[in-house]
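Observations on the model geometry
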Amino acid sequence: MKRAVLLRGVFALAAACALDAPAMSQTANAFPQRPVTLIVPFPPGGPSDALARGFALHMGKKLGQSVIIENVAGAGGTIGLTKVAKAAPDGYTLGFGTIGTHVANVALYKKLPYDPEKDFLPVGLAGSAPMLLLARADLPASNLEEFVAWLGTNKAKAKASFGSAGVGSISHYGCVLLLSALKQNVAHIPYKGVAPAMNDLMGGQTDFMCDQTTTALPQVAGGKIKALAVLSSTRLPQLPNTGTAAEAGLALDVRAWNAIFAPRGTPEPAMARLRAALADAAADPEFRRQMQAVGVDLPAADALQPAAVSALIARGLRDDVPALKAKGEYLD
């Protein structure tokens, strides 16, 4: 009698589990069930922050949950990215990484608190912007060739200087790579952000700087500074008369890129949902038009894949880090 009761209980439990299996499966796969946090490792208002907020808005629509921006600035982006690396790998904490956080910081920090290749899983590329060589309005050069000639004369007099948003910023990164390719050594004036660096360039306190199109185009259009070259292989629609580094015979292709990362160990179902949301955001026609207007290229479907991000990081670590280390500027 007891055996019969026990068997009936076992069969009843098995039947209940079978009935609940679809619901349990749906619950396990129903990521996300609460808002997702996207950590931007820079202050609000900058180019990366603006792009991240655009992606957060569009990805949230696809995910059915809000994507909340959390600005965790400081130490060249390392504080924010370290927080991402140490977060629970459940898909609910993401990071907005850049060429600075995942390449430049390897050269600039003697003890980087995270490994850019091992501690993160790329969700995908979020966008990129070409870099421009910019000069004060009265600098006696109108293209890269004339700039090189001018730099040769002024270098000997120790007058030339370039400004940046600070050691480790993309504006610092771009000019270090340019000067390395030109085999020139010029005084670097670091500022606390791109705005003061741009102000001093417009005022003539510095001679040149390298910056991404998102912040430089309005100043060029207003005639306050001039663009001498696009530091990549393709001319810009917004600056059709500005030549490229490649046209001047310089093997240089510098683009500021952003990508979304999750902590290593994040489950594949969550990663798949995040990748789909990222792709959906990048394909939105109005979002693409808005970004193109400020010089940001949203990636095509093949370019936003995680493998493409890994390739960008690997190439930067191989090709760019040695030039940055040779400069001898460190943040710790």
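Anyway, here's the lowdown on the structure attached to this text. On a predicted model such as this, the values are computed, not experimentally measured, just so you know. (Residues numbered from 1 in each chain as written. Predicted model: local features only at pLDDT ≥ 70, side-chain atom pairs only at ≥ 80, totals over all residues. Heavy atoms only, no water.)

1. Re the overall build of the protein chain
Within the protein chain, the secondary structure is distributed over 12 helices and nine strands. Nonlocal contacts in the protein chain, meaning residues at least 24 apart in sequence, comprise 78% of its contacts between residues at least 6 apart. With an accessible surface of roughly 15100 Å², the protein chain has 58% of that area assigned to carbon and sulfur atoms. (Helix = DSSP H or I, 4+ residues; strand = E, 2+ residues; numbered from the N terminus. Contact = heavy atoms within 4.5 Å. Areas by Shrake-Rupley, 256 points an atom, 1.4 Å probe, with all protein chains shown as cover.)

2. Considering helix α6 (residues 170–182)
The terminal C-alpha atoms of α6, which comprises 13 residues, lie 18 Å apart, in line with the 18 Å expected from a rise of 1.5 Å per residue. Of all 13 residues in α6, 11 are buried; the element is thus mostly enclosed. Taken together, the buried positions of α6 are occupied by I170, S171, H172, Y173, G174, C175, V176, L177, L178, L179 and L182. Just downstream of α6 lies K183, where phi reads positive at about 55 degrees. (Expected span 1.5 Å × (residues − 1). Buried < 20%, exposed > 50% of the residue type's maximum accessible area, 1.4 Å probe, protein only.)

3. Considerations on the packing of helix α4 (residues 99–108) against helix α11 (residues 306–319)
With their axes 9 Å apart at the nearest point, α4 and α11 run at an angle of 20 degrees to one another. By the angle between their directions, the pair α4 and α11 is classed as roughly parallel. For the pair α4 and α11, the sense of crossing is right-handed. Residue-level inspection shows H102, V103 and V106 of α4 in contact with α11, the latter providing I313, G316 and L317. (Axes fitted to C-alpha atoms, helices over the stretch in contact; angles between N-to-C directions. Parallel < 35°, antiparallel > 145°, perpendicular 65-115°, else oblique. Left-handed = near helix turned anticlockwise from the far one by under 90°.)

4. Considerations on the nonpolar core
By size, the foremost hydrophobic cluster in this structure holds 86 residues, and its most contacted members are F55, L133, F147, L151, Y173, F208 and I260. Among the elements that line this core, the one with the most residues is strand β4 (residues 120–136), at nine residues. Setting aside chain neighbours within four positions, we find I260 in contact with L38, M59, L94, G95, F96, L121, P122, V123, G124, A126 and L278. Grouped together as the second largest cluster of nonpolar side chains are 15 residues, Y191, V230, L236 and L239 included. (Core = buried A, V, L, I, M, F, W, Y, C linked by side-chain atoms within 4.5 Å.)

5. Section: the packing of aromatic side chains
All told, the structure shown has seven aromatic pairs when counted by the stated rule. An aromatic cluster of three or more residues is present, and its members are F147, W150, F162 and F208. In this structure, R34 is placed above the aromatic ring of Y92, and the distance from its NZ or CZ to the ring centre is 3.7 Å. (Phe/Tyr/Trp six-rings, centres within 6.5 Å; stacked < 30°, edge-to-face > 60°. Lys NZ or Arg CZ within 6 Å of the ring centre and 35° of its normal.)

6. Describing the environment of L250
Within the secondary structure, L250 is located in the loop between β8 (225–230) and β9 (255–263). For L250, a relative accessible area of 14% translates into the label buried. Along the chain, L250 and L231 lie 19 residues apart, while their C-alpha atoms are 9.0 Å from each other. Excluding its chain neighbours within four sequence positions, the residues that come into contact with L250 are L144, L178, A181, L182 and A245.

7. Brief notes about the pairing of strand β7 (residues 208–212)
Among the five residues in β7, five count as buried, and that is most of the element. Of the two faces of β7, the one lined by F208, C210 and Q212 and the one lined by M209 and D211 are each fully buried. Relative to β7, β4 runs antiparallel, the two sharing five bridges. By the bridge assignment, L132 is partnered in β7 with D211. (Pairing = 2+ DSSP bridges.)

Remember, this is a structural readout, not a statement about activity or role.
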